[in-house]
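# What the coordinates show
One-letter residues, chain by chain:
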Amino acid sequence: MSSATRTYYVTTPIYYVNDSPHIGHAYTSLACDVLARFLRLDGYKVHFLTGTDEHGQKVEKAAAAAGRDPKLFTDEVSQRFRDLAVLMDYSNDDFIRTTEPRHITSCQHLWNAIKANGHIYLGKYAGWYSVRDEAFYAEDELRPGPNNQKIAPSGAPVEWVEEPSYFFDLSKWQDRLLKFYDENPDFIAPESRRNEVVSFVKNGLQDLSVSRTSFKWGVPVPNDPAHIMYVWLDALTNYITAAGYPETDSPMYRTFWPAALHMVGKDIVRFHAVYWPAFLMAAGVAPPRRVFAHGWWTNEGQKISKSLGNVIDPIQLVEKYGLDQVRYFLLREVPFGNDGDFSHTAMVRRSNADLANDYGNLVQRVLSMINRNCAAKVPANGALNDKDRAFIGQTDVVLRDMRTHVQRQEFHLALDRHAEVVAAANRYVDEQAPWTLKKTDPARMEAVLYTLAETIRRLAVLSQPFMPRASARILDQLTVPASTRDFAIAFGPAAALSPGTELPAPNPIFPRYVETAA
Ligand code: ME8
């Protein structure tokens, strides 16, 4: 396949607009952003989608509690998610809202396709529902809670619901889903989530209620507007809406559907890995290629919740520690897929140790030495020896390794590989001691500093997806043109730093975080 034909469609969950974004939302979108940026730099045509989930009882209730009209309320809260995308420097290509006309059309079209294929029938729902999870639960999934209430596995309260409802014949999809998982071993990751989903499906599936009649805030069911669509059917459909559905002949749809990856948190894996492929297969639409369910963040050991008052606001975090520092911390601190704990101590430790002391210091000391000892010009490279060339060349292998890790959503391992070269380069500075060579062997000093500057250029190219602003500043300090920052060019022979090029005065990239008295 030529690089021009490689495409990748990556999506975040669309977030409920019942409340402001917090660190968990920022995390999922960050992972998608890093993936999208990495693949664009690697020559892929990428479409990166995020957005907001605006229908359903949960949002309707939040609007009522705020004394607001649901449309105006969702406009306002959705905007906060857009603002977050700007603050966090996400490179999303589209932002979808489920209240948009394009989405209503798409939902109704999908509904009609599923119904025309005989997979939707009218009945009556009598069972448990959790508004907080927007999910139906079987009796045996619930446990007793306080005041004789029943509690969902997520800890959310449930209520008894009885109303006319359309059903999707999910019970008939068990074998087809199991076959699909079998034939597509990469469809659900990580492995633990895959096992969880497979055993859930093996235990048998019940038909799923896909419409509600007791409230109005949603997409009307075609030809029966007393019903509105179940918010999860509505929400999941966003992924094909944004790909141009129902225009399945459009260039957009043909280029990007099926999606390469739906990134989600582990709380919503069942919706994405069970219901969604079943809905799509029932409509004759290809399912996505992969669902990755990452882990859960706690705050200083506690579940993050509004009622505990410990919600971490990404805006405050970025103001306090810096954007690239936060982006780095979230993806480096915890193996992607595992649960993680946010703590101020860990954030400061990571930022100061890895960024200020290691990466930042490497850049600062090398550029300062060049500034002082090489007349602020890229050093001469005539005296490079095999060891120097091998030192630079190791970054070719790191690019390959990082590519593999990012493709598998092992962001922490990609950053580990990067950090190894940073550490090796700092050792190289110490071993070669260029400052002592100035008088004894100036040509050798230039070769050592050239080797380091060229390594830093490559490291900055590789860190762009993770820390776009800091990486750009490093590349600017090396006067690397914007047109030579993608991987194919940056790692090609013509992009190497050119000796004699004038360099600006160096500026520190990653300040040390110092606690200020409150
Ligand atoms: O579920 N740690 O929206 P939502 C890590 N609208 N990630 C977290 C997190 C935490 N503590 N808290 C939230 C919905 N997340 C639906 C999705 S998609 C068709 C519809 C992230 O606003 C994580 O990605 O409740 C989780 O899956 C998502 O936010 C839930 O966002």
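Residues numbered from 1 in each chain as written. Predicted model: local features only at pLDDT ≥ 70, side-chain atom pairs only at ≥ 80, totals over all residues. Heavy atoms only, no water.

## Details of the side chain of serine 209
- One can find serine 209 in strand β10 (residues 208-209).
- Polar contacts involving the side chain of serine 209 include one to the side chain of serine 165, which spans 2.7 Å.
- Those residues in contact with serine 209 that sit more than four places away from it in its chain are Tyr125, Phe136, Ser165, Tyr166, Phe167 and Tyr230. (Helix = DSSP H or I, 4+ residues; strand = E, 2+ residues; numbered from the N terminus. Polar contact = N/O pair within 3.5 Å; in protein donor to acceptor, adjacent residues only side chain to side chain. Contact = heavy atoms within 4.5 Å.)

## Some remarks on the site of the ligand
- Around the ligand, a shell composed of 22 residues is seen, among which Ile14, Thr28, Asp53, Asp267 and Trp297 lie nearest.
- Separating an oxygen atom of the ligand from a side-chain N or O atom of threonine 28 is a distance of 2.6 Å.
- One of the backbone N or O atoms of tryptophan 297 is found 2.9 Å from a nitrogen atom in the ligand.
- Starting from 670 Å² of accessible surface for the ligand in isolation, the protein chains cover 94%.
- Put simply, the parts of the chain that give the shell around the ligand at least two residues each are β1 (7-16), α1 (23-41), α7 (231-236) and α8 (238-241).
- Top contributing element to the shell around the ligand by residue count: β1, with 4 residues.
- Looking at the shell around the ligand, its residues break down into 11 nonpolar, 9 polar and 2 charged. (Near = heavy atom within 4 Å. Areas by Shrake-Rupley, 256 points an atom, 1.4 Å probe, with all protein chains shown as cover. Nonpolar A, V, L, I, M, F, W, Y, C, P; charged D, E, K, R; others polar.)

## Here we look at unusual backbone geometry
- Residue alanine 189 is joined to proline 190 through a cis peptide bond whose omega torsion reads -10°.
- The residue proline 190 is located in the loop between β9 (188-189) and α6 (191-202) in this model.
- Of the consecutive residues tryptophan 257 and proline 258, the connecting peptide bond is found in the cis state with omega at 0°.
- Along the polypeptide, proline 258 turns up in the loop between α9 (251-256) and β14 (261-265).
- Of note, alanine 375 is a non-glycine position whose phi angle comes to about 55°, a positive value.
- With respect to the helices, strands and loops of the structure, alanine 375 is situated in the loop between α13 (344-373) and α14 (386-407).
- The exposure class of alanine 375 is exposed, given its relative accessible area of 55%.
- A positive phi angle, near 60°, is found at glutamine 409, a position not held by glycine. (Buried < 20%, exposed > 50% of the residue type's maximum accessible area, 1.4 Å probe, protein only.)

## A closer look at the environment of serine 368
- Assignment of secondary structure puts serine 368 in helix α13.
- The class of serine 368 is buried, set by a relative accessible area of 15%.
- For the pair serine 368 and proline 508, spaced 140 residues apart in sequence, the C-alpha separation works out to 9.8 Å.
- Side-chain polar atoms of serine 368 contact the backbone oxygen of glutamine 364, separated by 2.6 Å.

## Points about the sheet that holds strand β16 (residues 297-299)
- Spatially, the 3 strands line up as an open sheet ordered β17-β16-β18, and their pairing is mixed. Single-partner strands in this sheet number two, and they are β17 (302-303) and β18 (340-342).
- Bridge analysis of β16 against β18 gives 3 bridges, and the strand direction is parallel. What sits directly across from threonine 298, in β18, is aspartate 341. (Pairing = 2+ DSSP bridges.)

## A word on the packing of helix α4 (residues 101-116) against helix α10 (residues 269-283)
- The N-to-C vectors of α4 and α10 enclose an angle of 70°; their axes lie 7 Å apart at closest approach. It follows from the interaxial angle that α4 and α10 lie roughly perpendicular. Judged by the sense of rotation from one axis to the other, the crossing of α4 with α10 is left-handed. Residues Leu110, Ala113 and Ile114 of α4 touch α10, and the partners they reach there are Trp276, Phe279, Leu280, Ala282 and Ala283.
- Of the residues in the contact of α4 with α10, the class split is 8 nonpolar, no polar and no charged. (Axes fitted to C-alpha atoms, helices over the stretch in contact; angles between N-to-C directions. Parallel < 35°, antiparallel > 145°, perpendicular 65-115°, else oblique. Left-handed = near helix turned anticlockwise from the far one by under 90°.)

## Some remarks on the side chain of arginine 444
- With respect to the secondary-structure elements, arginine 444 resides in helix α17 (residues 442-463).
- Those residues within four positions of arginine 444 in sequence are excluded, and the remaining contacts are Ala383, Asn385, Asp388, Tyr428, Gln432 and Leu437.

## A closer look at the domain arrangement of the chain
- Here the chain is described as being made up of domain 1 (7-295) and domain 2 (343-495).
- Distance from the C-alpha centre of domain 1 to the C-alpha centre of domain 2: 42 Å.
- Listed per partner, the contact involves 17 residues of domain 1 and 17 residues of domain 2.
- Of the roughly 1500 Å² buried between domain 1 and domain 2 on both sides combined, carbon and sulfur atoms contribute 64%.
- Of all residues in domain 1, the largest losses of buried area upon contact with domain 2 belong to Val34, Phe38 and Leu41, amounting jointly to 44% of the total for that side. (Domains from an automatic or database assignment. Buried area = accessible area lost by both parts, 1.4 Å probe.)

## Things to note about the packing of α14 against helix α15 (residues 411-432)
- The geometry of α14 relative to α15 is characterised by a closest axis approach of 8 Å and an angle of 170° between their N-to-C directions. Considered as vectors, α14 and α15 are oriented roughly antiparallel to each other. By crossing handedness, the relation of α14 to α15 is classed as left-handed. Facing α14, whose interface residues are Lys387, Asp388, Phe391, Gln394, Thr395, Val397, Val398, Asp401, Met402, His405 and Val406, α15 presents Phe411, Leu413, Ala414, Arg417, His418, Val421, Ala424, Ala425, Tyr428, Glu431 and Gln432.
- When its residues are assigned to classes, the contact of α14 with α15 shows 12 nonpolar, 5 polar and 5 charged.

## Focus: the sheet that holds β14
- Spatially, β3-β2-β1-β14-β15-β9 is the arrangement adopted by the 6 strands of the open sheet, whose pairing is parallel. Sheet topology places β3 (94-97) and β9 at the edges, where each strand pairs with a single neighbour.
- Bridge count for β1 against β14 is 2 bridges, and the pairing is parallel. Note on β14: the bridge partner recorded for threonine 11 is histidine 262.

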